[in-house]
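Chain by chain, the residues run as shown.
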Protein chains: 2
Amino acid sequence: MTVSAIPASDRNATPLLLRAVRGFHVGGEITELRDLPVSSLAAVPGGPARTSDPNGHYLVGQLYAQSFELVAPRFTCPLLLWHGGGLTGACWEDTPDGRPGWHDRFMRAGWDTVVSDAPERGRAGWARYPEIVPDVPEHRTLEAAWGMFRVGPPGGFHADPAQQETFPGQLFPVEAFEQLGRQFVARWASGGALARRAYAALLTRTGPAVVVAHSQGAVLAQQVALDLPELIQALVLVEPAGAPGDNPAEAAPIPTLVVWGDHFADSPLWRDSYRPEAERWLEARRAAGHPVTVLDLPAEGVRGNSHMPMMDRNSDAVAARVQAWLERLDLG
Amino acid sequence: MTVSAIPASDRNATPLLLRAVRGFHVGGEITELRDLPVSSLAAVPGGPARTSDPNGHYLVGQLYAQSFELVAPRFTCPLLLWHGGGLTGACWEDTPDGRPGWHDRFMRAGWDTVVSDAPERGRAGWARYPEIVPDVPEHRTLEAAWGMFRVGPPGGFHADPAQQETFPGQLFPVEAFEQLGRQFVARWASGGALARRAYAALLTRTGPAVVVAHSQGAVLAQQVALDLPELIQALVLVEPAGAPGDNPAEAAPIPTLVVWGDHFADSPLWRDSYRPEAERWLEARRAAGHPVTVLDLPAEGVRGNSHMPMMDRNSDAVAARVQAWLERLDLG
């Protein structure tokens, strides 16, 4: 039979010289459940039934992180990649159409990197509901993502690609939209406080870092910057889905880059809520003298980016713009 | 303030020279939900409420994999690491007490590696229940893991470490047992068929490979070996939690190593069910002339291993035994 190899990487790329790859969990706390009924299940296919007793102790609210330590990093602090809502750290790896993602690009640019899964997502694990987490999770449909990620107008997704309605000049690799759907994980609307604490635990572990954060993760990054300003050297907010509920006067003057894609006018949620909320916060910070830079791609003539610039066809070019901004900070 | 650095890796270790690190999803299929009620939620902390419509299309049953391609692998096929029930690929990374795990050790031994999360676990994502998956998931308690992983007798866990009952000579790093609990993820008893298909998709993508699989994953590996024998060069079954329900006469003569820890006599589930079931299958294969090797650690004088030899204090030594067996296969 014919088998295909591991996806072809760029065979001409410079090798990555790593001291180590580590994977670990930080944050979270122990909790206990009592007085729940005991059941029986066959946990291995075809295997014997065993007792399943849900009463006992669980770890809740931890975060998973994977660190890549270069032998010769060009920068003294690591670069942390924080995913958005309904996604995991995998969103920074291969793009849905199989190109190397931003994680690869920032490692090759000379950063020690840390890619994480927020509490309740991916390798961080999620807790029983409603016994530990009170509310039910949301599983994102391809329909919802199509509008939310501004691939096309709300309602523009169709299972038959020929009937999909896509924004003109769309740079998301639409032919791989179903592959993006394989990355989706459940998320809880109530999880913000857990995530905020766990990201603080991560930064306490890594030490001062650059944080590159997407969508909901970019809101969390701004919240954690309020809690631990001394541990964030720079913030790169990729399409932040709003702003903290806190007072922007409490924010520290951390160098901040915000990256915006295209087609906001055709997305009521982004046009009327998330983006203006984010901009009010950032404008207040700029008015207070903070170094806030806006990379508004369409305003600079780069049209067609979706909510997922790290996956769009020009993902390398956008990463290079972010990297150029970081280099100008002279973080050493 | 004082901050601790990223966990100290072995600063004297030879650097890892990698061509690429890739992350991707394979397998799974699209499904649709209809006629469910629409709700409203504030998906970003403090942010505006938005509509959450669960009706639409989802990808279900995919598997997440992360591949590490060496510049100069010593072997012509990759080594795949498959986790056990209630865990993810993270179980092969750092040990709970912070030492490098088997993934690091096998990379440094010269293997291209692929670390995966089975469907419904970790970065693979899980589907809505009961609408898509019929049954409820199991979240493992620390109490259940204590007995199941043979750290001590069933009922031997206590939240106060001073009151825990541990098997004598235990090699699991008991002081880090709570850290192990941070790795636990929900699992579904019904998920075996999904996982079997997804692992087949992974092997079809990677091509012929060595599979190192733990516990429930080792049962799945034996099932996938029935489906795609030409794609498995060797099987390393670490504490297999039983055997396929199929007929062992249908198995191919794939070189197989089975690794057993200690303290089976004090675990009724392992002593009376999982281990004898695994041994009957392997004995039938050996009787048919298959190259099946047993590494029974206590029988060789290595006492005290738990169900998690990749995390036990002698994890490096056990990995070295596995590597020595693989080298004798002369896989090239």
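The preceding data block contains the structure.
Since we're looking at a predicted model, the values are computed, not measured.

Chemist: I keep staring at the interface of chain A and chain B and nothing clicks. Help me out?
Modeler: Interfaces are frequently sized by the accessible area removed from exposure as the parts join. Contact residues are listed per partner, giving 107 residues for chain A and 107 residues for chain B. Counting the surface chain A buries against chain B, the share from its top three residues, Arg22(A), Arg123(A) and Trp126(A), is 9%. The tally of links from chain A across to chain B stands at six salt bridges. Of the charged contacts in the structure, one is a salt bridge between Glu93(B) and Arg123(A), with a shortest N-O distance of 3.7 Å. The tally of links between chain A and chain B comes to 36 residue pairs in polar contact (both at pLDDT 80 or more). Examining the composition of the side of chain A that touches chain B, we find that 13 residues originate from one element, strand S1 (residues 16-33) of chain A, more than from any other. Its residues placed into classes, the side of chain A that touches chain B shows 52 nonpolar, 33 polar and 22 charged. Sheet topology note: the S1(A)/strand S1 (residues 16-33) of chain B ladder contains three bridges and is antiparallel. In the sheet register, Leu18(A) faces S1(B), and the bridge partner there is Leu16(B).

Chemist: Help me out: how do you make sense of unusual backbone geometry in this one?
Modeler: Only a minority of non-glycine residues have a phi that is not negative, and only a minority of peptide bonds are not trans. Note that the residue after Tyr129(A), namely Pro130(A), is joined by a cis bond; omega there is 0°. Within the element layout of this structure, Pro130(A) appears in the loop between strand S6 (113-117) and helix H2 (142-148). Despite not being glycine, His263(A) has its phi angle at roughly 70°, a positive value. Mapped onto the elements, His263(A) comes out in the loop between strand S9 (256-260) and helix H6 (268-287). When its relative accessible area of 11% is taken as the criterion, His263(A) is described as buried. At Glu120(B), a residue that is not glycine, the phi angle is positive and equals roughly 80°. By the secondary structure assignment, Glu120(B) is in the loop between strand S6 (113-117) and helix H2 (142-148).

Chemist: What am I meant to see in the side chain of Arg187(B) here?
Modeler: Here Arg187(B) shows up in the loop between helix H3 (177-181) and helix H4 (192-206). Side-chain polar atoms of Arg187(B) contact the side chain of Gln216(B), separated by 3.5 Å.

Chemist: Which parts of the structure should I look at to understand the environment of His25(B)?
Modeler: Relative to the helices and strands, His25(B) is located in strand S1. Separated by 170 residues in the primary sequence, His25(B) and Ala195(B) have C-alpha atoms spaced 13 Å apart. Ignoring any residue separated from it by four or fewer positions in sequence, one finds His25(B) in contact with Ala90(A), Gln179(A), Arg182(A), Gln183(A), Gln62(B), Leu63(B), Tyr64(B), Arg123(B), Ala124(B) and Arg205(B). A polar contact of 3.4 Å, which involves the side chain of His25(B), links it to the backbone oxygen of Arg182(A). Of note is the side chain of His25(B), whose polar atom sits 2.8 Å from the backbone oxygen of Arg123(B).

Chemist: Hey, could you run me through the relation of the copies chain A and chain B in this one?
Modeler: Superposing the two chain copies requires a rotation about an axis and a translation along that axis. Once chain A has been moved 0.0 Å along the axis and rotated by 180°, it coincides with chain B to within an RMSD of 0.0 Å. With respect to symmetry, the two chain copies, as superposed, fit the operation of a two-fold axis. Across chain A, the rotation axis passes nearest the C-alpha of Gly122(A), at a separation of 2.0 Å. Counting the interface residues of chain A, we find that 100% of their copies in chain B are interface residues as well, pointing to one common contact surface.

Chemist: Honestly, the pairing of strand S7 (residues 209-214) of chain B in this entry has me stumped. Any pointers?
Modeler: The two faces of the sheet receive side chains in turn, since in a regular strand these alternate between them. Residue and element names in this part refer to chain B. With six of its six residues buried, S7 lies for the most part within the structure. Going residue by residue along S7, you find Ala 209, Val 211 and Ala 213 tucked away on one face and Val 210, Val 212 and His 214 tucked away on the opposite face as well. Bridge count for strand S5 (residues 79-82) against S7 is four bridges, and the pairing is parallel. Paired with Leu 81 across the strands is Val 212, a residue of S7. Relative to strand S8 (residues 232-238), S7 is paired through six bridges, and the arrangement is parallel. Counted as the bridge partner of Ala 213 is Leu 237 from S8. Following the backbone out of S7, through helix H5 (residues 216-227) and into the adjacent parallel S8, one traces a crossover that is right-handed.

Chemist: Would you explain helix H5 (residues 216-227) of chain A in this entry?
Modeler: Along an α-helix, residues three or four apart share an orientation, since each turn contains 3.6 residues. Residue and element names in this part refer to chain A. Compared with an ideal rise of 1.5 Å per residue, which puts 12 residues at 16 Å, H5 spans 17 Å between its outermost C-alpha atoms and is within 8% of the ideal. Of all 12 residues making up H5, 11 are buried, and the element is well covered by its neighbours. Of the residues making up H5, those classed as buried are Gln 216, Gly 217, Ala 218, Val 219, Leu 220, Ala 221, Gln 222, Gln 223, Val 224, Ala 225 and Leu 226.

Chemist: Explanation requested: the packing of H4(B) against H5(B) in the structure shown.
Modeler: Each pair of packed helices can be summarised by the angle the axes make with each other and by the distance between the axes. All names here are of chain B. Packing of H4 against H5 leaves a shortest axis separation of 9 Å and a crossing angle of 60°. Our classification of the angle between H4 and H5 gives oblique. Like other packed secondary-structure pairs, H4 and H5 cross with a definite hand, here right-handed. Here Gly 192, Ala 195, Arg 196, Tyr 199, Ala 200 and Leu 203 of H4 come into contact with H5, specifically with Leu 220, Gln 223, Val 224, Leu 226 and Asp 227. In the contact of H4 with H5, the residues fall into seven nonpolar, two polar and two charged.

Chemist: Looking at this model, I keep getting lost on the pattern of salt bridges. Mind explaining?
Modeler: Two side chains bearing opposite charge may form a pair once their charged atoms approach each other closely. Residues and elements named next belong to chain A. Scanning the model with the defined rule gives 42 salt bridges over all chains in all. Salt-bridge contacts for Asp 97 lead to Arg 99; the nearest nitrogen and oxygen are separated by 3.0 Å. Under the relative-accessibility criterion, Asp 97 is labelled partly exposed at 28%. Measuring nitrogen to oxygen at the nearest pair gives 3.3 Å for the salt bridge that ties Asp 262 to Arg 303. Highlighted residues: Asp 262 in the loop between S9 and H6 and Arg 303 in the loop between strand S10 (292-296) and helix H7 (315-328), separated in sequence by 41 residues. One salt-bridge network, in which partners are shared between bridges, spans Asp 104, Arg 105, Arg 108 and Asp 316.

Chemist: In this structure, what is going on with the environment of Arg280(A)? I would like to understand it.
Modeler: The topology assignment puts Arg280(A) in helix H6. C-alpha of Arg280(A) to C-alpha of Met148(A): the two residues are 132 residues apart in sequence and 21 Å apart in space.

Calculation notes
Residues numbered from 1 in each chain as written. Chains lettered and ligands numbered in written order. Predicted model: local features only at pLDDT ≥ 70, side-chain atom pairs only at ≥ 80, totals over all residues. Heavy atoms only, no water. Contact = heavy atoms within 4.5 Å. Buried area = accessible area lost by both parts, 1.4 Å probe. Salt bridge = Lys/Arg side-chain N within 4 Å of Asp/Glu carboxyl O. Polar contact = N/O pair within 3.5 Å; in protein donor to acceptor, adjacent residues only side chain to side chain. Helix = DSSP H or I, 4+ residues; strand = E, 2+ residues; numbered from the N terminus. Nonpolar A, V, L, I, M, F, W, Y, C, P; charged D, E, K, R; others polar. Pairing = 2+ DSSP bridges. Buried < 20%, exposed > 50% of the residue type's maximum accessible area, 1.4 Å probe, protein only. Least-squares fit on C-alpha atoms with pLDDT ≥ 70 in both. Right-handed = clockwise from strand over helix to strand, strands pointing away. Expected span 1.5 Å × (residues − 1). Axes fitted to C-alpha atoms, helices over the stretch in contact; angles between N-to-C directions. Parallel < 35°, antiparallel > 145°, perpendicular 65-115°, else oblique. Left-handed = near helix turned anticlockwise from the far one by under 90°.

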